[in-house]
2 protein chains.
Amino acid sequence: MRKHIFASCLIIVFNTLNLFGAAPNKEKVELGKKLFFDPRLSKTANVSCNSCHNVSLSGDDSRPTSVGIRGQLGGRNAPTVWNAALNTVQFWDGRAATLKDQAKGPLTNPIEMGMESHEAVVNRLKSIPGYVEEFKKIYSDKDSLTIENVAEAIASFEETLVVKNSAYDRYIKGDKTALSPEAKKGFDTFNSMGCVTCHSGANFSGPATKVGTGFYMKFPVFPDATIESKYRFSKDLGRFEVTKIESDKFTYRVPSLRNVAMTAPYFHNGSVNDLKEAIRIMAKVQLNRTIDEGELNSIAAFLGSLSDKLPVISAPRLPTTTGTAIFE
Amino acid sequence: MRKHIFASCLIIVFNTLNLFGAAPNKEKVELGKKLFFDPRLSKTANVSCNSCHNVSLSGDDSRPTSVGIRGQLGGRNAPTVWNAALNTVQFWDGRAATLKDQAKGPLTNPIEMGMESHEAVVNRLKSIPGYVEEFKKIYSDKDSLTIENVAEAIASFEETLVVKNSAYDRYIKGDKTALSPEAKKGFDTFNSMGCVTCHSGANFSGPATKVGTGFYMKFPVFPDATIESKYRFSKDLGRFEVTKIESDKFTYRVPSLRNVAMTAPYFHNGSVNDLKEAIRIMAKVQLNRTIDEGELNSIAAFLGSLSDKLPVISAPRLPTTTGTAIFE
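This one's a predicted model, so the numbers in the text were calculated from it and none came from an experiment.

Colleague: If you had to explain the interface of chain A and chain B to someone new, which residues and values would you point to?
Modeller: The interface of chain A with chain B comprises 45 residues on the first partner and 45 residues on the second. Summed over both sides, the interface between chain A and chain B buries roughly 3300 Å², with carbon and sulfur atoms accounting for 53% of that surface. In this assembly, chain A and chain B are joined by zero salt bridges. There are 26 residue pairs in polar contact (both at pLDDT 80 or more) connecting chain A and chain B.

Colleague: Hey, could you go over empty space enclosed by the protein for me, with residue numbers and the actual values?
Modeller: Evaluated as defined, the whole model comprises four cavities of 30 Å³ or more. What the largest cavity holds in volume is close to 550 Å³. Counting only elements with at least two residues in the lining of the largest cavity, the list comes to helix 3 (49–52) of chain A together with helix 3 (49–52) of chain B. Of the residues belonging to the lining of the largest cavity, the class tally is 13 nonpolar, 17 polar and five charged. Empty space within the second largest cavity amounts to approximately 90 Å³. Arg-40, Thr-320, Thr-321, Thr-324, Ala-325 and Ile-326 of chain A together with Leu-57, Ser-58, Asp-60, Ser-62, Met-262 and Ala-264 of chain B are the residues that line the second largest cavity. A class-by-class count of the residues in the lining of the second largest cavity yields five nonpolar, five polar and two charged.

Colleague: Account for the packing of aromatic side chains, naming residues and giving values.
Modeller: Following the criterion strictly, the structure yields 32 aromatic pairs over all chains and no others. Where Phe-190 of chain A meets Phe-204 of chain A, the ring centres are 6.3 Å apart and the plane angle is 75 degrees; that geometry is what we call edge-to-face. In this pair, Phe-190 of chain A sits in helix 9 (residues 181–193) while Phe-204 of chain A sits in the loop between helix 10 (195–198) and strand 1 (216–218), placing the two residues 14 residues apart along the sequence. By relative accessible area, which is 1% here, Phe-190 of chain A ends up buried. Owing to a relative accessible area of 0%, Phe-204 of chain A belongs among the buried residues under this scheme. When the centroid spacing of 5.1 Å and the interplanar angle of 70 degrees are considered together, the rings of Tyr-168 of chain B and Phe-204 of chain B count as edge-to-face.

Colleague: How would you sum up the relation of the copies chain A and chain B? Please name residues and give values.
Modeller: You can overlay chain A on chain B at an RMSD of 0.0 Å; the transform is a turn of 180 degrees with a shift of 0.0 Å along its axis. Here the copies are linked by what is in effect a two-fold axis.

Colleague: So what's going on with helix 4 (residues 99–108) of chain B? Which residues, and what values?
Modeller: Every α-helix winds through 3.6 residues per turn, so residues three or four apart in the chain are directed the same way. Listing the buried residues of helix 4 of chain B in full gives Leu-99, Gln-102, Ala-103, Lys-104, Pro-106 and Leu-107 of chain B. Contacts from the buried residues of helix 4 of chain B go to helix 5 (118–126) and helix 7 (147–159) of chain B.

Colleague: Now, about helix 9 (residues 181–193) of chain B: what can you tell me, with residues and values included?
Modeller: Residue and element names in this part refer to chain B. With 13 residues, helix 9 ought to run about 18 Å at 1.5 Å a step, and its terminal C-alpha atoms sit 18 Å apart, in line with that. Of all the residues in helix 9, the buried ones are Ala-183, Gly-186, Phe-187, Thr-189, Phe-190, Asn-191 and Met-193. Immediately beyond the C-terminal end of helix 9, within one or two residues, lies Gly-194, with a positive phi of roughly 110 degrees.

Colleague: Outline the environment of Arg-70 of chain B, supporting the account with residue identities and numerical values.
Modeller: Position of Arg-70 of chain B relative to the elements: it lies in the loop between helix 3 and helix 4. Taking the C-alpha atoms as reference points, Arg-70 of chain B and Pro-39 of chain B, 31 residues apart in sequence, are found 13 Å from one another.

Colleague: Could you give an account of unusual backbone geometry, naming the residues involved and the relevant values?
Modeller: Omega for the bond connecting Phe-219 of chain A with Pro-220 of chain A falls within 30 degrees of zero, at -5 degrees, which places this linkage in the cis form. Mapped onto the secondary structure, Pro-220 of chain A falls in the loop between strand 1 and helix 11 (225–231). The residue after Ala-264 of chain B, namely Pro-265 of chain B, is reached through a cis peptide bond having omega -5 degrees. Tracing the chain through its elements places Pro-265 of chain B in the loop between strand 2 (251–253) and helix 12 (275–287). A positive phi angle, close to 65 degrees, is found at Phe-250 of chain B, a residue other than glycine. Relative to the helices and strands, Phe-250 of chain B is located in the loop between helix 11 (240–243) and strand 2.

Thresholds, definitions, all that
- Residues numbered from 1 in each chain as written.
- Chains lettered and ligands numbered in written order.
- Predicted model: local features only at pLDDT ≥ 70, side-chain atom pairs only at ≥ 80, totals over all residues.
- Heavy atoms only, no water.
- Contact = heavy atoms within 4.5 Å.
- Buried area = accessible area lost by both parts, 1.4 Å probe.
- Salt bridge = Lys/Arg side-chain N within 4 Å of Asp/Glu carboxyl O.
- Polar contact = N/O pair within 3.5 Å; in protein donor to acceptor, adjacent residues only side chain to side chain.
- 1 Å grid on protein atoms, 1.4 Å probe; cavity = no way out; pocket = protein on both sides within 12 Å on 5 of 7 lines; lining within 4 Å.
- Points joined across faces, edges and corners; volume = space filled by probe spheres on them.
- Helix = DSSP H or I, 4+ residues; strand = E, 2+ residues; numbered from the N terminus.
- Nonpolar A, V, L, I, M, F, W, Y, C, P; charged D, E, K, R; others polar.
- Phe/Tyr/Trp six-rings, centres within 6.5 Å; stacked < 30°, edge-to-face > 60°.
- Buried < 20%, exposed > 50% of the residue type's maximum accessible area, 1.4 Å probe, protein only.
- Least-squares fit on C-alpha atoms with pLDDT ≥ 70 in both.
- Expected span 1.5 Å × (residues − 1).

This is the structure:
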């Protein structure tokens, strides 16, 4: 019981941390939103950031893995962009420290947006007069349309995509009726069973670490042959693919549980369609527990209470060219 | 001169025709907007109506031809959805009479959204509880989630995408300063040279015909070997592909010129990147004229005056599933 109260207190403390000291620059946010929605940032002009991190949906694409240019399939499930600003590292393997660093990745990834280089991204944007003007207005640098400013603007928009008004949040703030009895029971089980060990903090993704540090965990800790043969989790070497450090094999940034009920399918490879199956697997391979039906249902109810009413985002008006195509 | 005044009057008359007698049903429009933006209406859940008819852009995709599921390329340039409600037939070949009919096409076209059948579309939507509820609320029919209602809702949204406040419109309404001298000269040339013969009416797409009738024209009328070898217009048999009637060979619905400066690249195969080149080609192969530089520049200025300040569309909040993926 003492442990439970301690865990709850920890969560409250993390929740009150305000990660955004300064108010975001409105013009930069609007520019970033345009870039985020603009498919012309991809080689074939049909894949935008929003294609895989759809803010009209749950900030993801409801697919196992994403579709890049020319129909190519990615290797990992697209994490939601909602509350990504609360992560202290980005990507499943933490290979980007910040949202700004992250934003540069997919642009030139050949199976995602497929631009030849960051220079090609900048040149594409320079062929659209409205962008040239807007960058000049917002960034006072002599050379205002740079990949650094592109990535910073996108990150500025993403930093606004923070939502923390789920039933759980209202419960924590004092509305004791916000959680159903089943969800409350699930919250207890979530804590007592040990899920909270990794899924702690304001974002249920681990203790507060400095930006760029990240909180990683091995998955699976207790490999299970039946589960593995069905879902092939271990085909992916996790953070090892980036660091080549043996101890990073099969480790991942602990993903947030906020809005988890809305972001099926699950896990780094998007191989599990159902939230309850995901919980069952987590108990088995992370805690070496066979979870019973009652525990499963109540944890699912608790996780459901972490779903936010996501706000409507106004789609930007994208600057067009006049009388010329963006392709030659 | 008399001919010019007559043409201008005709245009004014067409402009005042109000094609929307009744106010659109707001709830239906909102539902239609959701469906229009929802990539889950495609087999692979990554292609929505908005992917090719991007309302944040100029209602098209700024590509020669569009990209469907699995990276497949379409055969024709995506027409803008802005003012599509003013067309009396839809598609380049007029194979759909109404927006509602049109909306059903791409859903099951194997190289576009690729659903196996309209039944599969309905089943996909039935797997998303929010849609089931919304259809039930709006359509009183016992079986409310049907392909007919899906298409009708999408069309209801598209019917709201009508914009007629370009510089040209303001000029016609009496603001004589709205057009530059160059654009005015271009308007005269556009009329006197004969462009207006086909590009007449409120939408610059031909005389007012009953919905479903359409106004078609052969393209090219005067084939030019040099142009053909470069742009391959005649690889496409046009409306003949649908009707198999010999006289329909190489005929197309006359496309609107509204917002034409924003909808490069041009023609049914999107093979021409530049508006001036498109005008030069039109003069050559439709009017058998070699256009001079002055005429070209002024017509381009006039066409530029047909660009609207397109409104910002709020992106819808799409209903999500709870704890389950849409794929099995």
